[in-house]
Each structure stands twice: as C-alpha cells, then as structure tokens.
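Analysis of the macromolecular model
Residue-level listing of the chains:
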Amino acid sequence: MSPDVVGLVGIILMLMIFLTGMPVTYVMALVGWLGFSYIVSPEAGLQLLARDMVGTFQSSTLVVVPLFTLMGQFALQAGVSKRLYEVAHRFTGAMPGGLAMATVLACTGFGAVCGSSTATAATMATVGLPEMSRRNYSPALATGAVASGGSLGMLMPPSVVLIVYGVLTEASIGRLFVAGIIPALLIAHLFIVAIAVVCWLRPKACPVGESYSWADKFAALREVGEVILVFLLVLGGLVRGWFTEIEAGGVGAMLMLMVGLARRQMTWLAFRKALNDTLWTSCMTMMLVAGAVVFGHFLTITRIPFAVAELVAGLDWPAWAVIVAIGAVYLIGGCIIDALALVMLTVPIFLPIVTGLGFDTIWFGVIIVLLTQMGVITPPVGINVYVVQGIARDVKLEAIFKGSMPFLVALIVGMLILVTFPLIATWLPDQVYQHLAVGR
Amino acid sequence: QQTLTYSNFFPPTHAQSVLAQQWCDEVAKRTDGKLRVQYFPGQTLTKAPQAFEGVTAGLSDIAMGCFSYTRGRFPVMEVVDLPLGYQNGQAATAVINEVYAQLKPKELDGVEVLYLHAHGPGLLFTKDKPVAKLEDMKGLKIRSHGSSARLVQALGGTPVTMAMPESYQALSRGTVDGSVHPTESNLGWKLGEVVSYRTASFPVAYTTGFFVVMNKAKWDALPEDVKATVRQVNQEWIAKSAAAWDKADEAGLEYFLSLPGRKDIALDAAESARWAAAAKPVLDEYAKAMDERGFDGKAIVSAAQAALAKHNAAK
Amino acid sequence: MLERLTSLVSRLFSIAAGAALVLMMALTCLDAILRDINMPLVGINESVTYLGALVLGFSLPMTQRRGGQVGVELLSRKLTGRPAEALAVLVSLVSLILCAVTAWQCWAYAGELKASGEVSMNLGLPVHLVTQAIAVSFGALCLVILNQMVAAIGRLAAK
Ligand code: NA
Ligand code: NA
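These lines cover the structure that appears in this document, whether it is placed above or below. The shown structure was predicted, so the numbers you read here are calculated from the model rather than taken from an experiment.

Attention now goes to the sheet that holds strand β6 (residues 141–144) of chain B. Residue and element names in this part refer to chain B. Here we have 6 strands laid out as an open sheet, ordered β7-β6-β8-β5-β9-β11, and mixed in their pairing. Of all the strands in the sheet, just β7 (158–161) and β11 (263–265) have a single pairing partner and so form its edges. This sheet shows a mean twist of 30° between the axes of neighbouring strands, independent of strand direction. In this structure, strand β9 (residues 197–199) lies alongside β11, joined through 3 bridges in parallel fashion. Residue pairing across strands places Thr199 opposite Ile265, the latter belonging to β11.

It is worth spelling out the environment of B:Lys106 at this point. Residue and element names in this part refer to chain B. By the element assignment, Lys106 lies in the loop between α3 (89–103) and β4 (111–118). Judged by its relative accessible area of 72%, Lys106 is exposed. Expressed as a C-alpha distance, the spacing of Lys106 and Phe74, which sit 32 residues apart in the sequence, is 9.0 Å.

Turning our attention to the side chain of A:Thr378. Residue and element names in this part refer to chain A. You can see Thr378 is positioned in the loop between α18 (361–375) and α19 (383–391). Among the polar contacts made by the side chain of Thr378, one reaches the main-chain carbonyl oxygen of Met374 at a distance of 3.1 Å. A polar contact is formed between the side chain of Thr378 and the backbone oxygen of Gly375, at a distance of 3.4 Å.

Okay, the interface of chain A and chain B next. Between chain A and chain B, the contact holds 32 residues from the first and 30 residues from the second. In total, about 2,800 Å² of surface goes out of reach between chain A and chain B, with carbon and sulfur atoms giving 57% of it. Linking chain A with chain B are 1 salt bridge, by the criterion used here. Its salt-bridge partner being B:Glu53, residue A:Arg51 comes within 3.3 Å of it at the nearest N-O pair. Taken together, chain A and chain B are joined by 5 residue pairs in polar contact (both at pLDDT 80 or more). Ranked by residue count, the leading element in the side of chain A that touches chain B is helix α3 (residues 42–57) of chain A, at 5 residues. Among the residues forming the side of chain A that touches chain B, the class breakdown is 18 nonpolar, 8 polar and 6 charged.

Looking now at empty space enclosed by the protein. Within the structure shown, the criterion is met by 6 cavities of 30 Å³ or more. For the second largest cavity, the calculated volume is near 180 Å³. Every residue lining the second largest cavity is counted, 17 residues in all, and those nearest its centre are A:Glu247, B:Thr161, C:Asp31, C:Arg35 and C:Asn45. Elements that contribute at least two residues to the lining of the second largest cavity include exactly α13 (245–262) of chain A, β7 of chain B together with α1 (2–36) and α2 (44–65) of chain C. Across the lining of the second largest cavity, the residue classes break down as 8 nonpolar, 5 polar and 4 charged.

Further remarks concern the packing of helix α6 (residues 98–111) of chain A against helix α7 (residues 117–134) of chain A. Residue and element names in this part refer to chain A. Where α6 contacts α7, the two axes come as close as 10 Å, and the packing angle between them is 150°. In terms of orientation, α6 and α7 fall into the roughly antiparallel class. The crossing of α6 and α7 is right-handed. Between α6, through Leu99, Ala100, Thr103, Ala106, Cys107, Phe110 and Gly111, and α7, the contact on the second element is made entirely by Ala119, Thr120, Thr123, Met124, Glu131 and Met132. Residues of the contact of α6 with α7, tallied by class, amount to 8 nonpolar, 4 polar and 1 charged.

Here, disulfide denotes a covalent bond that connects the sulfur atoms of two cysteines. Enumeration over the complete set of coordinates arrives at 1 disulfide over all chains. Note on cysteine connectivity: A:Cys199 is disulfide-linked to A:Cys206, with sulfurs 2.1 Å apart. One quick way to see it: the torsion about the S-S bond of A:Cys199 and A:Cys206 is about -125°, and its sign makes the bridge left-handed. Its relative accessible area of 7% is what places A:Cys199 among the buried residues. By relative accessible area, which is 3% here, A:Cys206 ends up buried. This cysteine, C:Cys106, is not joined by any disulfide, and C:Cys99 carries the nearest cysteine sulfur, 10 Å off. C:Cys106 gets classed as buried once you look at its relative accessible area, which sits at 0%.

Scoring rules and cut-offs
Residues numbered from 1 in each chain as written. Chains lettered and ligands numbered in written order. Predicted model: local features only at pLDDT ≥ 70, side-chain atom pairs only at ≥ 80, totals over all residues. Heavy atoms only, no water. Pairing = 2+ DSSP bridges. Helix = DSSP H or I, 4+ residues; strand = E, 2+ residues; numbered from the N terminus. Axes fitted to C-alpha atoms, helices over the stretch in contact; angles between N-to-C directions. Buried < 20%, exposed > 50% of the residue type's maximum accessible area, 1.4 Å probe, protein only. Polar contact = N/O pair within 3.5 Å; in protein donor to acceptor, adjacent residues only side chain to side chain. Contact = heavy atoms within 4.5 Å. Buried area = accessible area lost by both parts, 1.4 Å probe. Salt bridge = Lys/Arg side-chain N within 4 Å of Asp/Glu carboxyl O. Nonpolar A, V, L, I, M, F, W, Y, C, P; charged D, E, K, R; others polar. 1 Å grid on protein atoms, 1.4 Å probe; cavity = no way out; pocket = protein on both sides within 12 Å on 5 of 7 lines; lining within 4 Å. Points joined across faces, edges and corners; volume = space filled by probe spheres on them. Parallel < 35°, antiparallel > 145°, perpendicular 65-115°, else oblique. Left-handed = near helix turned anticlockwise from the far one by under 90°. Disulfide = S-S within 2.5 Å.

Keep in mind that these numbers describe shape and distance, not what the molecule does.
Right under this line is the structure:
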C-alpha cells in the first residue's frame, strides 16, 4: 500500500474504532502508533509513542492550560462564574431565549480569563446547564449554546490556539491576543442572533424569563466588580510587561483564589474540588492533544496534509477563493483530526500563501481560530461537544451536535464578515501597539 | 533507488530551511534519482529538541537541529557556543566543522554527520539604555538562553532566560531591558522593532551550532557512489549555509538601522579587552566542567580558539 | 483488593499532582514579582514546564478512574447485556495494551536520556527524572484500566 492509501485506511479505522466508545485520545494514539509503525518501522512507532506523550506534557506553550484552567475553577468555586452569569441573565432574561443568550455572554466573559475553550465549555456547562434545564430550555439548545459559547474561550484573549499559532508563525502573541477581542464580541452577537432565530422557529425551545428594572440590572453589575478588576489586572499586566503569558495564568489563579478567600466562599472543600477538577480537565485536554499529536505525526508521514495543502496552494484562483478553499480544508480536516493538530500541520504551508496574497498574519490567526471553533463543535471529533456531554450525561451526543448547528452557521457568517472587512481584526492591535512601540 | 525523510525545525520560509530543501533537490538530481529525500520543515515531523534523537530513533532519517537545545548531550560541540568572539558566520561555520573534524567527539558516533553550520556573531541589543562600557550592564535584565545566559551574568547583567518566540513581547513590554541574539534575528524574529541599540560586542560574540545528521544504518546501506555524491554536496552546502547566515546578518543590520532612532555602538580597543576579560570565566567554567566529565577541557577550548583565530583573520 | 490498591494509588497520585499544581502557581507568581524588583531567578520558567508535565502525568490515574477521558458512545450505548460488557472488556484490554506500551517506552526513553547526559537548559537538572515520572504515571494508569477491566469481566461473567 502506498502511504496515502495507508493514511486513508488509518482515518477510516480511527472513525470505526471511535464507535466502540474507546476514549478518543487512546484511539488516535493507537491508530497513529500502528500506522507510523507500518509506514516507517515498528521500532520507530514505539519511539514515537513515548516521545509524543513526553513532548506534549513538557510543551512550554501548553503549560498555560493547567494554570488558566485553575484560574477558571477558582472563579467557579468562589461563585464568580455564577455572579457573572446572574448579571448577564438580568440584562437578557426577558427576551425569548434570553438565558441561552446570557450563557453566550457569560462564556465571553469567562473566556476573557481562561485560555482554553475546553475549560470554558466545561465550566459554563457546570454553571449554565442546570439553570437552563430548570427553566425548561430544550436540552439541544442549552448544550449547543454551552459547547459553542465555550469555543469563544479561544478567541477572547488569552487563548491557547493563538499562542500555538503565534509560536508557529513567529507573529507577536500579544498582537494576536488584542486582535481577538472585537471578533470575539462580533461572534458572541452572531451567536445571540442564532439563538433568536432558533427561538423564532421553535418557540417551545426557549421559554421567556422575568424582566428586571435598570436599577436591578446595574445593582448586579456591582457584584462582579472584583472580576472586572482581576481581568483588567491580568490583561493589563500582560500588555504592560509585568508578566509573561504563563505567569498571567499563575497570577490570575492566585488573584481568583484571593477573591474567593476574601468573599469567604473558598472553603478547604471548595479549594480541593477546584484542584481536582483542574487536574482532570487539563489532563483530559492534554491527552486529547497528545493523541492528536501521535495521529498527526502518522498523517504527516503519509504526506496527505502536505498534498492537500499544496493542492490548495497551487490553485490559480483569486485571493478570496483561496481563502475559502483553505477554510474548507480546515472545516473538513477538523472533522477528522483535532483542529489544534491540524493548525500545527498546515499553518506553516498556508501562511506563506496567505501572506503572499497580501493578507495579514494577525488577521489569518483570527481566521484560524474561527475555523478551529467550528472544528470543536463538528462531528465526529468535536472536543467541546465531548466535554459538555461528559457533564450532561443524560443528553445524547447527536443532540448536542445538532444543537450546535445554528452556531456553526453563525461562525461561518462571522468568517465571511471578517474576510470582507479584515480591519475588524487588525484595527485594534494596530492602535494598541502604535502607542507601545519604542524609539519612534 | 531509496527515499529518505528529512526533518528540519526551521520554518519553511527561513533561509536555512530553503537551503535544506535545495539540498534535497540537489542530492536527487546528482544521484540521478537514486536517492530521493522527502522534506518536512517547521517541526512537523520532530520538534526542535528532539531532532537528534529522532534520527537515532528512526522517526526521521535526516534532521537539522541545534546542539544547544539539549544541554549536556553534546559536551564537546558546546565549545562552539561559547563567547569566543566570532566576527561572522563564515568564521563560526568554519570553526564548528574544523572542531568536529579535529576532535571527532564520541557524542556524535551514533549518527553520520552530514555537515555542520553556525550563525553569525551573537551580540548585545538594548531597548532604552545604550551600553557602551561594562558598567552600563549593571542592573539590566537581558533575555538570553542556555550558555548565553552565563555570558550575560559574566558581563554584569541580569540574565532572564526565555525562548526566542517569547522575546518580542518581553522586549516590547519592557519585561526585559535587552537581549543577546544574532543581528539576523532583528528581521527574522522582528526584534529590531523592539530594540534601539546594538552594542558591537564582537570580542565576546557567541554563536549557535547546527547539525545536519543522518541515521547511521541508513547511511551505511547507501551505495558508495551515492555516498560520494552526498559528501560532495555537503561540502558545497557548508559554504552556502555560512554565506546565507552572513547575508541574513547584513539584511538584519540594514533593517535595524533603517528604523528611526537606532544606533550601533562600537567598543574601542581598551573596552574590547575588558569585555573579553570579563567573559573569560565563562570559558574557564566550561573547561573545568569538562575536566570533571573526564575530558581535557583546556585543550578543547584551545582547539576552538585556534581555529577561530585562523578564520577570523581570513576575512 | 485490586480496587483498594487502585483507589489508594490514584489518590496518592492526585495529591502529588495537586501539590505540583499549587507549587506551579506559586512559582509563576514569584517569578513575576522577583523580576519586577530586578532579582530574577534563573530557570523558574523551565521548572514550571517540568512541574506542568508532572501535574498532567500524575493526574492520569485519577482522570481515567472518574471516566474523564471522553469517548464516542454512539454504538456502545445501543448495546445492552453481554455484548455491551464484552465490548467494555475489549476496549479496556486495548487501552491497557496501549498504555502499557507507552509506559514501557517512556521508561526506556528516560533511560536513553540518562545515558545521553542531557540536562535542563538553565538549571542543569537531569531531564530523565521527569520522563521517568511520566512513565510511572502511565504504569499507574495501567493499574486503573486493569481494575476497570476486571470489573467488566466480573459483570460479563455474571450475565
Ligand atoms: Na480566552
Ligand atoms: Na470537528
């Protein structure tokens, strides 16, 4: 068998073993290991397994995952997430589907303190799903909103995907972070529109909540004052050079812990729960990455991603069509392997083409995140959907994937808007960094 | 006919990656397709620190990587990374190949060394405070990595260790006051945007040694005529790599000086001697550590210095 | 017996992981503070990376035990009775083989690292220790999977 045939067989085999219910990371590692062994040599396959596991665990770029997850868990245990949620609910609760919209807003707010979309989805599912279920929201809409809203965690800074992209492309991670803010707000609004459309089509899916006076709305805002302070400290400290990204995670976690202690909500029990949930959430996330890395190395050696990328790169199409073709690669590819691994494999090939066409590196980074967001909610490999299902065990996987579809449409619309108006991504970083540049 | 894999950590757009790709094409052309090489740039097959062991483990057949990412694994070749006072990339590349040919260190026995190269002089760059004499170094937080951190310490600065990808932001936000890096990185990593002064610290310039190695068994299995052709191409690529490093340095300097307010600060003869003297303990420390590991540390340092004296003068 | 051993091992590992995580948080804060008062300690960032590896490795047994690794249960959910239990046994057997091979290979890799004399970039710490710890964690993970497999075999036999 030629390597590309082996690659296709590997993909099909992986999808089939998925059906047995074996953990996704083990399936990817298993097929990757066997496939690499078949193409290169059994010894090389064994060596690959060990080196990829150790390499992923020791990755200096992914070391932020446990730290930011810890920050999020402390926020959850200190009741901060719930208060954020309450505020968003007061502002949107009276509209049909308002609570789902509040969930999207809460996801955006939590995304501002948490770098991982998985952790955002996990946390918001814990907080938001019981509230929505209590008020008779359709499970598909509720879980879909949490899984998709959680993906905003990687567009709103800080963001693990943007860090990986920045390392790959040597683009400034700080600029990438700032570039994510306006698109994240845009996507959040598109998600809200998507919910409104669902509610219009199926009024039963979203009951109407009570309405609050403006005084009550603003009274709730006061309750999240310290969260806004922590957010400003972490983001401001990053921009002002007080600390690096990794330190921002550690400092953020420490500050959230202090907020919890000051509010007397961080009991010893809550502290231990925050630690334990951080451990398994980040372990699961990193294992998913590690499995994807093994499988990704197998696909790399088959040269399939290169062949596809070079095919697209060689297209003599107008610029916008090339961008759409690249988007299609990520959308289809994201259905087969983990999007983060796909980013690592293809960005080095696509970047020269994209920049050669006159597109901005920072802008492309934001586009990549949007595509990655689509990847985490599309079957069969949709990490956020898995995470949400892990928390809402009574909702079926297919229901969550189906509930995510309106949000997928919103993401596609968002991408079209960004392709048409690139300034949405590049304007803010240019403004911020103009003032910070030295010697001029 | 044989097909091999080549893993390179340099991103595909980097000059050294383009050269490596051309090496693959040239080998295929001159062996009439008897040896073909599939090229995997940008860490897609093996990560930078795993490049060497990836070759011994068989994950890739050939790899380009750098000695300093795996401290302690290449004790003899680390001598090249010391602040010996490199004038240019030609000299650094000549020294690393000569040191290897002369000492044939055991640490490289497990592989077939195709060729080695090294980047141009690693110099001091600062953001807000120009450094014209040793005393100016005091209290400055300087980004560095591995052995260059020990140089910063010896010069009286405060080393802050971080990897290249984090450097831009750290400099831009003032997390650090300066950085030691080759002039090339001002353009390649855009560091020129966030530093204002270059101290022409050539007397203590360091370098980073890079290797291109091949799996031993795969090499031994090649027919003699193919081996001879590959060896010939390697010799040509040593010169090409060195020239590419120097060209990149020139472009980096031109870019740096084209930005407003940038200054290049020269050191006079007396100050140069002081800097070299200040950096000497780094060399002595290395020699002592090597003695402890059962090598003749002084001899290794002397070999590198002698080679450098010859090649620095050559240009 | 096996259940009690597994429970103990997974608890001990998660305590170690939690301690490493808290240390990691404290060290990053310390690093930021010390650098801002111009007294940076060389090598904190690499210590944080190694601690991160320990956090993730030590969490493996606990994550597996609480079913934290996600799977697609599209087909397996439709099965009931003996076929379902048989599938569970098969899945844990394959997982066990994979993790055992990973543990063994990580241990061998650690040995190679030790022999090569490789140390960490700035502090000169021996890097093989972290790899060894990861290998041991995968070993403990095998124990958890084995325990789950034994339980599944028990359920299969009972049906
Ligand atoms: Na975020
Ligand atoms: Na997907």
